[in-house]
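Chain and residue survey
So you can see what is in the structure, the chains are spelled out below.
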Amino acid sequence: MSSERRTFRPFDVDERLERALEGTVLRFGDLTCKAGQAVTVDDGTFALGTVSLAWAAADGFSAFKSDLSAGAESMGIDSRQVALAVTARSSGLKLHELVFEQSFADLGDLDPSVVIEGAAGVSRRAVFLAETHGAFVDAYIVLTQDLEPSLRRVGMRPSRAGTWLARASFRVRTTAERELFRPHPLDAENRRRLGLGAETLTFVEFDGDDLLERFDEGGVLTYWVDEELLGMLDAQRASPQAQYLQRRLVVDLISAIVHALAGSLDDEHGEDRHRSYDELKDSIVGRVVRYVSSAAKTDRDEVLKLCRERPEVAVAMAEDAVGLRGAVLKSMVLQ
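Because the structure is predicted, anything quoted here is derived from the model rather than measured.

1. Some details on helix 12 (residues 324-331)
Buried residues of helix 12: L324, A327 and S331, and no others. Along helix 12, the residues classed as buried sweep out an arc of 70° about the axis, all on the same side. Residues of helix 12 that are exposed and point more than 90 degrees away from the buried face comprise R325 and K330. Looking at the buried residues of helix 12, the elements they touch are helix 7 (240-264) and helix 11 (311-322).

2. Let's talk about the pairing of strand 4 (residues 51-54)
Here strand 4 shows a buried face lined by V51 and L53 and a second buried face lined by S52 and A54. As judged from the four bridges shared by strand 1 (residues 25-28) and strand 4, these two strands associate in the antiparallel manner. If you follow V25 over to strand 4, its bridge partner there is A54. Looking at chain direction, strand 4 and strand 7 (residues 113-117) are connected through four bridges and run antiparallel. Of the residues in strand 7, the one forming a bridge with V51 is E117.

3. Regarding the nonpolar core
W55, F64, L84 and I141 are the most contacted members of the largest nonpolar core, which totals 45 residues. Aside from chain neighbours lying at most four places away, what touches F64 is A20, L21, W55, A56, L84 and L110. Counting residues in each nonpolar core, the second largest holds 36 residues, with L221, I257, V285 and V288 among its members.

Rules and cut-offs
- Residues numbered from 1 in each chain as written.
- Predicted model: local features only at pLDDT ≥ 70, side-chain atom pairs only at ≥ 80, totals over all residues.
- Heavy atoms only, no water.
- Buried < 20%, exposed > 50% of the residue type's maximum accessible area, 1.4 Å probe, protein only.
- Helix = DSSP H or I, 4+ residues; strand = E, 2+ residues; numbered from the N terminus.
- Arc of directions from axis to C-beta.
- Contact = heavy atoms within 4.5 Å.
- Pairing = 2+ DSSP bridges.
- Core = buried A, V, L, I, M, F, W, Y, C linked by side-chain atoms within 4.5 Å.

Distances and angles like these do not, on their own, reveal function.
In structure tokens form, the structure reads like this:
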């Protein structure tokens, strides 16, 4: 039996449309990503790299456009009623933007590759600025108008504007997103090694002496989370309770880092009080500052100052950044 996963729709779609986006490729700077896959971008280039979509291989672009036109015609859909559309979203920041749309009526003017971010002279969208969250890019073939009643075949034909006929998704991860909040399972052996009790849920083990050293040059910390809880979170990750706990774990880790920083700034390390964000951006503290400031739209040096001098305020900002209040209220609603 085949293990291929397919999306089944409650209506028929011409095969030429259904498969049209399978060859679409996302380009992020010099990196490429096929439909249904992910690419990891270095933090330093995430807010700078040009993002584009190549609809098809160079020698297949004419066939791509022909398939779109023929597929729509076979379904009785006028070219003015359907379009190619691209959205960019960040689930962590609750952002979802339409970044490109072109009607099938204008396929003659469609470029083989379209820039959806990073065009010269155009301000960068917020979804492509938050290095600690990454982004999703989705390409669609979508109805832009309701079909006339005379064209409907109940249960077999899409008819509502906004219905997608084909979709290709691309995941853009960042190194900060991948590394900063990755927990390690706290099992019995590590509990014994760390001297932790059976009911301890999380523990931040600081492996290095300097929170301000480059994060990629060795172990700075390890975030231990009860292995049974991690298994339950993975199995129930879409539930309101799991969504809340995931955010709570992020805040607890940030809190540990911020308070460790504030506690280390004694007379012996007084010079650290005056180091700027640019000097610390590659450290674990720099990544926390980026995460909080991107969501709060606050100057990074101001957030760094709060981490040093008012850690409780920085932690409160982290709660806001992850949307903790909304998540906990949803988790309390009886199902």
